[in-house]
Amino acid sequence: MSEKTTVIYNDTCPICSREVDGYKRLTAQDATIGYHGLSACDLARFGLTPDQAARRFHVVKGGQLLSGMPAFAALWQDIPRLRWLARVVRAPIIRPAVGALYDHVAAPILYKMHKRRQRRAG
């Protein structure tokens with residue numbers, strides 16, 4: 001793996017943080033994958049606003065900004081133990097279903113939880 005993969009995630013979300021912590025453990029020895037939580041990241045450098053970054057999971061790979069399931073698949077492709085999962089979610093029959101589930105169920109729920117945490121924080 002020669003190109004740098006940059007993960008941009010909502011580190012204020014307990015669910016997102018837990019998932020990304022698992023990826024960090026799996027890639028602890030891999031210097032080609034960097035992780036940036038939206039709370040301490042210069043998002044403008046990636047062309048994102050804080051709200052855009054909070055709405056979806058993002059990965060920059062090969063200079064391209066990916067979001068949603070394509071971003072997960074790009075990251076999983078770089079993690080040997082999860083490469084199989086990248087192949088599964090990219091399969092023509094499965095890709096539309098997992099994309100729709102992420103886009104219309106998971107991401108909106110996580111974003112609503114994020115907005116609720118922001119309102120409670122003041």
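This report concerns the structure included in the present document. Residue positions within a chain follow its written sequence, with the count starting from 1. Two thresholds apply to this predicted model, a pLDDT of at least 70 for residue-level local features and 80 or more for giving and counting side-chain atom pairs, whereas whole-chain, interface and lining totals are computed over all residues. Water and hydrogen atoms were dropped before computing side-chain values, which therefore reflect all heavy atoms in the structure.

Quick word on the side chain of T27
Okay, so step 1: Here a helix means four or more residues in a row that DSSP labels H or I, a strand means two or more in a row labelled E, and each is numbered from the N terminus. As for its position among the elements, T27 is in the loop between α1 (14–26) and β2 (33–37).
Okay, so step 2: Classification of T27 as buried rests on a relative accessible area of 6%.
Okay, so step 3: In protein, a polar contact means a hydrogen-donor-capable atom and an acceptor-capable atom, both N or O and within 3.5 Å, with residues adjacent in sequence counting only if both atoms are side-chain atoms; elsewhere, any N or O pair within 3.5 Å suffices. A distance of 2.7 Å separates a polar atom in the side chain of T27 from a polar atom in the side chain of Y35.
Okay, so step 4: Only heavy atoms enter the contact rule, under which two residues are in contact if any of them lie within 4.5 Å. In this structure T27 touches I33, Y35 and I79, once residues within four positions along its chain are discounted. Each residue gets one of three labels from its accessible area relative to the maximum for its type: buried under 20%, exposed over 50%, partly exposed in between, using a 1.4 Å probe on protein chains only.

Some words on the packing of aromatic side chains
Okay, so step 1: Whether two aromatic rings pair depends on their centres lying within 6.5 Å, for rings of Phe, Tyr and Trp, where Trp uses its six-membered ring; planes under 30 degrees apart make the pair stacked, over 60 edge-to-face, and the rest tilted. Applying the stated criterion across every chain yields a total of three aromatic pairs.
Okay, so step 2: Seen from their ring centres, F72 and W76 are 5.4 Å apart, and the 40° between their planes marks the pair as tilted. With a gap of four residues between them, F72 and W76 both fall in helix α3 (residues 69–78), about one helical turn apart. Judged on exposure class, the residue F72 and its partner W76 are both buried.
Okay, so step 3: Measuring from ring centre to ring centre gives 5.5 Å for F72 and Y102, while their planes differ by 75°; the resulting arrangement is edge-to-face. Of this pair, F72 sits in helix α3 while Y102 is found in helix α5 (residues 95–121), placing the two residues 30 residues apart along the sequence. Side by side, F72 and Y102 carry an identical accessibility label, which is buried.
Okay, so step 4: In this structure an aromatic cluster arises from ring pairing among F57, F72, W76 and Y102.
Okay, so step 5: Whether a charge sits over a ring comes down to the Lys NZ or Arg CZ being within 6 Å of the ring centre and within 35 degrees of the ring normal. Here the basic side chain of R55 rests over the ring of Y111, its NZ or CZ set 4.0 Å away from the ring centre.

As for the side chain of H114
Okay, so step 1: With respect to the helices and strands, the residue H114 is situated in helix α5.
Okay, so step 2: Once residues within four sequence positions are removed from consideration, H114 is found in contact with N10, T12 and A54.

As for the sheet that holds strand β3 (residues 58–61)
Okay, so step 1: DSSP bridges decide pairing: two strands pair if at least two such bridges lie between them. Here four strands make up an open sheet; going across it, the order is β2-β1-β3-β4 and the pairing mixed. Of all the strands in the sheet, the pair left with one neighbour each is β2 and β4 (64–67). Pairs of neighbouring strands in the sheet enclose a mean axial angle of 20°, with direction left out of account.
Okay, so step 2: Direction of pairing for strand β1 (residues 5–9) relative to β2: parallel, over a ladder of five bridges. Residue pairing in the sheet places I8 in a bridge with H36 of β2. Angles shown run from 0 to 180 degrees and are taken between the N-to-C directions of axes, each axis being a line fitted to C-alpha atoms and, for helices, limited to the stretch in contact.

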